[in-house]
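Results of the structural survey
Spelled out from the first residue to the last, the chains are:
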Amino acid sequence: MRIGMLTGGGDCPGLNAVIRAVVHKGVQHYGDEFIGFMEGWRGVLDDRTMPLSMSTMSGMLHRGGTVLRSSRTNVKKIPGGFEKCLKVLQDEKLDALIAMGGDDTQSISVELAERGVNVVSVPKTIDNDLSGTDACFGFDTAVMIATEAVDRLHSTTEAHSRVQVVEVMGRDAGWIAVTAGIAGGADVILTPEKPIDMDDVVRLLRARWECGKRFGIVVVAEGAKIPQIEGQITVGDKLDSFGHARLSGIGQVLAEEIEKRTGYETRSVNLGHTQRGGTPTAYDRMLATRYGIAAIDMVHEGKFGRMAVLKGTNICDISIADAIAQTRTVGEDIFAVIRGLQPKR
Ligand code: F6P
């Protein structure tokens with residue numbers, strides 16, 4: 001078969017491992033031929049490709065980013081966009097397309113599948129919030145980076161008797177915040193799904209001071225909601241082509257508010273894209289490889305319009321539309337763990 005591949009949306013460590021697994025099995029077991037579209041759907045619209053072979057895949061397993069590059073290109077917003085895509089896919093004589101991406105990228109896959117394209121999807125989101133799958137590669141790496149940052153910040157924060165706010169990724173779900181926050185022993189964790197009142201933030205930090213610790217660590221997801229802080233904090237007012245604002249800055253706003261209310265000197269650091277950079281963890285390489293092998297098998301089983309997903313410890317597949325239907329948010333069980341570690345109200 002002749003198969004195309006693309007990576008869309010924000011990159012995640014592990015994308016190259018998926019591509020490599022697809023090519024390895026496709027070439028060696030099925031005799032497939034591959035091309036990669038550059039920069040997600042933009043590469044399909046412009047017919048910009050690169051060859052993908054066993055030799056181009058050499059050294060890819062541990063490399064972060066994506067050899068295919070990525071972009072947030074919304075085909076729906078481009079006049080005649082779907083027709084252009086269909087023509088390119090036909091001109092390239094492709095039998096199937098493997099699309100790696102989150103809900104935005106996959107919403108295009110759904111429409112193309114409805115128009116007869118043989119699409120198979122692989123889930124990808126650093127926020128780990130796609131409802132169809134239990135885990136996305138890249139998340140473990142991001143959590144490891146954020147946890148290490150929280151660990152490192154402890155000593156300097158304690159040395160200066162400060163509060164340190166650490167802003168992490170998480171637009172609609174606070175998975176990175178709760179995981180790195182619990183693993184790193186943060187005193188307060190703020191997420192998009194469970195607004196926390198400033199009075200509560202102050203109560204928790206004061207309790208920490210009163211027990212003699214005299215320093216505090218706060219982990220906040222970029223999309224966290226705080227009743228006393230209006231709306232989400234963004235950079236500029238531009239929206240991307242899928243209508244998302246660029247979230248950033250809640251950490252600084254929160255730090256100022258904490259200092260004002262408590263009198264404790266408070267600093268903030270935004271981990272930003274460091275969370276998505278560099279080499280994937282072994283767990284992410286393994287998960288990405290499993291997704292890649294599943295995706296190429298699905299192509300040969302004719303499972304089009306479907307996404308490879310992790311359920312428990314097994315990889316299986318569900319319809320792409322179902323997989324992206326909802327955001328997988330942090331559940332009450334995890335919030336109960338956080339509360340269990342904090343002083344009782
Ligand atoms: O959607 C995943 C994500 O990492 C969000 O957590 C974040 O808001 C966004 O992407 C940032 O993406 P970029 O700045 O690369 O466009």
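See the structure shown above.
Reading the values: rules and limits
- Residues numbered from 1 in each chain as written.
- Predicted model: local features only at pLDDT ≥ 70, side-chain atom pairs only at ≥ 80, totals over all residues.
- Heavy atoms only, no water.
- Helix = DSSP H or I, 4+ residues; strand = E, 2+ residues; numbered from the N terminus.
- Buried < 20%, exposed > 50% of the residue type's maximum accessible area, 1.4 Å probe, protein only.
- Contact = heavy atoms within 4.5 Å.
- Pairing = 2+ DSSP bridges.
- Axes fitted to C-alpha atoms, helices over the stretch in contact; angles between N-to-C directions.
- Core = buried A, V, L, I, M, F, W, Y, C linked by side-chain atoms within 4.5 Å.
- Domains from an automatic or database assignment.
- Near = heavy atom within 4 Å.
- Polar contact = N/O pair within 3.5 Å; in protein donor to acceptor, adjacent residues only side chain to side chain.
- Nonpolar A, V, L, I, M, F, W, Y, C, P; charged D, E, K, R; others polar.
- Parallel < 35°, antiparallel > 145°, perpendicular 65-115°, else oblique.
- Left-handed = near helix turned anticlockwise from the far one by under 90°.

**Brief notes about the environment of Leu 89**
As for its placement among the helices and strands, Leu 89 is situated in helix α3 (residues 81–91). Given a relative accessible area of 7%, Leu 89 falls into the buried group. Expressed as a C-alpha distance, the spacing of Leu 89 and Ile 258, which sit 169 residues apart in the sequence, is 54 Å. In contact with Leu 89, other than residues within four places in its own chain, are Phe 37, Val 44, Leu 94, Leu 97 and Val 117.

**Looking at the sheet that holds strand β7 (residues 188–190)**
Taking strand neighbours across the sheet as the criterion, the four strands line up as β7-β8-β6-β11 in an open arrangement whose pairing is parallel. Pairing within the sheet leaves two strands with one partner each, and these edge strands are β7 and β11 (266–270). Across the sheet, the mean angle from the axis of one strand to that of its neighbour is 15 degrees, orientation sign disregarded. Taken together, the three bridges between β7 and strand β8 (residues 216–221) define a ladder with parallel strand orientation. Each bridged residue has a counterpart across the sheet, and for Leu 190 the counterpart in β8 is Val 220. Most of the contacts of helix α6 (residues 175–183) go to β7, to which it runs at about 170 degrees, and overall it touches β6 (163–168), β7 and β8.

**A few points about the nonpolar core**
In terms of nonpolar packing, the biggest core is built from 61 residues, with Met 5, Ile 19, Leu 52, Ile 98 and Phe 137 touching the most fellow members. It is helix α9 (residues 282–300) that provides the largest number of residues to this core, a total of eight residues. When residues of this core are sorted by domain, at least three fall in each of domain 1 (2–137 + 280–323) and domain 2 (140–277). Contact partners of Ile 98, with chain neighbours within four places excluded, come to Ile 3, Gly 4, Met 5, Leu 6, Val 22, Val 120, Val 122, Ala 295, Ile 296 and Val 299. Within the second largest apolar cluster, 27 residues are counted, among which are Leu 89, Leu 112, Val 117 and Val 309.

**Some remarks on the environment of Ile 217**
Here Ile 217 lies in strand β8. In the structure, Ile 217 is positioned 63 residues away from His 154 in sequence and 7.3 Å away in space, judged by C-alpha atoms.

**Remarks on the sheet that holds strand β12 (residues 306–311)**
Read from one edge of the open sheet, seven strands run β3-β2-β1-β4-β5-β12-β13, paired in mixed fashion. Looking at which strands have only one partner, the edges of the open sheet turn out to be β3 (49–52) and β13 (314–319). Neighbouring strand axes in the sheet, compared pairwise and without regard to direction, differ in orientation by 30 degrees on average. With four bridges joining them, strand β2 (residues 33–37) and β3 adopt antiparallel strand pairing. Within β3, the residue paired with Ile 35 across the bridge is Pro 51. Running over the sheet, α9 touches β1 (2–7), β2, β4 (96–101), β5 (119–123), β12 and β13 and is turned about 140 degrees from β12.

**Observations concerning the site of the ligand**
Around the ligand, the structure places Arg 72, Ile 126, Asp 127, Met 169, Gly 170, Arg 171, Glu 222, His 273 and Arg 276. Between the ligand and the protein, one listed contact pairs an oxygen atom with a side-chain N or O atom of His 273 at 2.8 Å. Among the residues forming the shell around the ligand, the class breakdown is two nonpolar, two polar and five charged. Both domains that furnish three or more residues to the shell around the ligand are identified here as domain 1 (2–137 + 280–323) and domain 2 (140–277).

**Topic: the pairing of β4**
Burial analysis of β4 places six of its six residues in the buried class, the great majority of the element. Taking every second residue as pointing to the same face, both faces of β4 are buried, with Ala 96, Ile 98 and Met 100 on one and Leu 97, Ala 99 and Gly 101 on the other. By the bridge criterion, five bridges tie β1 to β4 in an arrangement that is parallel. Within the sheet, the bridge partner assigned to Met 5 lies in β4 and is Ile 98. Direction of pairing for β4 relative to β5: parallel, over a ladder of five bridges. Opposite Ala 99, over in β5, you have Ser 121 as the bridge partner.

**Brief notes about unusual backbone geometry**
Positive phi is not limited to glycine here, since Asp 47 has a value of about 50 degrees. Inspection of the secondary structure assignment puts Asp 47 in the loop between α2 (41–46) and β3. On the basis of relative accessible area, Asp 47 is assigned to the partly exposed category, the value being 32%.

**What about the packing of helix α5 (residues 139–159) against α6?**
Running from amino to carboxyl end, α5 crosses α6 at an angle of 45 degrees, the nearest separation of the two axes being 9 Å. Between α5 and α6, the crossing angle belongs to the class labelled oblique. Viewed along their axes, α5 and α6 form a crossing whose handedness is right-handed. Contacts between α5 and α6 pair Phe 139, Ala 142, Val 143, Ala 146 and Thr 147 from the former with Trp 175, Ile 176, Thr 179, Ala 180 and Ala 183 from the latter.

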